[in-house]
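Read off the chains here:
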Amino acid sequence: MIADLKQRGMLDDTLVVWGGEFGRTVYCQGRLTADDYGRDHHPRCFTVWMAGGGIQAGHDGRARQTITAITSVERPVHVYDLQATILHCLGIDHTRLTYKFQGRHFRLTDVAGNVVKEIVRA
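Predicted, not measured: the structure shown is a model, and the values here were computed from it.

### A few points about the overall build of the protein chain
- Helix and strand content of the protein chain: two helices and six strands.
- Listed N to C, the secondary structure of the protein chain is α-β-β-β-β-α-β-β in terms of helices and strands.
- When burial is assessed residue by residue, the protein chain has 27% of its 122 residues classed as buried.
- Taking contacts inside the protein chain between residues at least 6 apart in sequence as the whole, the part at least 24 apart equals 61%.

If you want it as structure tokens, here you go:
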């Protein structure tokens, strides 16, 4: 899909975001059996990659530790920062995007969220 968008000259205008579920551990808690041999989820880590639409090409933003547990070891990105970065690439200021609920204005990025400038194309 990325190659197709690039070939057609559409990648610069299209933000592609791919995300998986929780990270996977290299071990399984509990007893391994012939029928139960899957790996466990790691709720503190997930993988997302983005391309096109204002994202700097060829940039590996974060390092991961994969020996004993999958967890970010260098500059982890909070979900609010990810959301702020995606909204920035879509031309939306995350601090101004609000919705009213029960009399209060809420933001998708709550009171936090910073654009991850190192992966955004200048």
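### Here we look at the nonpolar core
- Counting eleven residues, the largest nonpolar core is built from Leu15, Met50, Ile55, Leu82, Ala84, Ile86, Cys89, Val115, Val116, Ile119 and Val120.
- With four residues, the single largest contributor to this core is helix α2 (residues 79-89).

### Comments concerning the pattern of salt bridges
- The tally for this structure, following the rule as stated, stands at two salt bridges.
- Notably, a salt bridge pairs Arg8 with Asp4, separated by 2.8 Å at the nearest N-O pair.
- The class of Arg8 is exposed, set by a relative accessible area of 57%.

### Focus: the packing of aromatic side chains
- With the rule as written, the count across this model stands at three aromatic pairs.
- Geometrically, the ring pair formed by Tyr99 and Phe106 is stacked, given 5.8 Å between the ring centres and 20° between the ring planes.
- In textbook terms, an aromatic cluster arises when at least three aromatic residues are bridged by ring pairs, as seen for Tyr99, Phe101 and Phe106.
- Its end group placed over the ring of Phe106, Arg104 keeps NZ or CZ at 4.1 Å from the ring centre.

### Some details on the pairing of strand β5 (residues 98-101)
- Examined bridge by bridge, β5 and strand β6 (residues 104-107) share four bridges and lie antiparallel to one another. Following the sheet pairing, Lys100 is matched in β6 by His105.
- Counted along the chain from β5 to the antiparallel partner β6, the turn is two residues long, and its residue Gln102 has a positive phi close to 50°.

### Some thoughts on the environment of Arg104
- The topology assignment puts Arg104 in strand β6.
- You can call Arg104 partly exposed: its relative accessible area is 40%.
- When neighbours within four sequence positions are excluded, Arg104 is seen to be in contact with Tyr99 and Asp110.

### Section: unusual backbone geometry
- Its identity as a non-glycine residue notwithstanding, Gln102 has a phi of 50°, on the positive side.
- Looking at where Gln102 falls in the secondary structure, it is placed in the loop between β5 and β6.
- Despite not being glycine, Asp110 shows a phi value in the positive range, around 55°.
- By secondary structure assignment, the location of Asp110 is in the segment after β6.
- When its relative accessible area of 30% is taken as the criterion, Asp110 is described as partly exposed.

Rules of the game
- Residues numbered from 1 in each chain as written.
- Predicted model: local features only at pLDDT ≥ 70, side-chain atom pairs only at ≥ 80, totals over all residues.
- Heavy atoms only, no water.
- Helix = DSSP H or I, 4+ residues; strand = E, 2+ residues; numbered from the N terminus.
- Buried < 20%, exposed > 50% of the residue type's maximum accessible area, 1.4 Å probe, protein only.
- Contact = heavy atoms within 4.5 Å.
- Core = buried A, V, L, I, M, F, W, Y, C linked by side-chain atoms within 4.5 Å.
- Salt bridge = Lys/Arg side-chain N within 4 Å of Asp/Glu carboxyl O.
- Phe/Tyr/Trp six-rings, centres within 6.5 Å; stacked < 30°, edge-to-face > 60°.
- Lys NZ or Arg CZ within 6 Å of the ring centre and 35° of its normal.
- Pairing = 2+ DSSP bridges.

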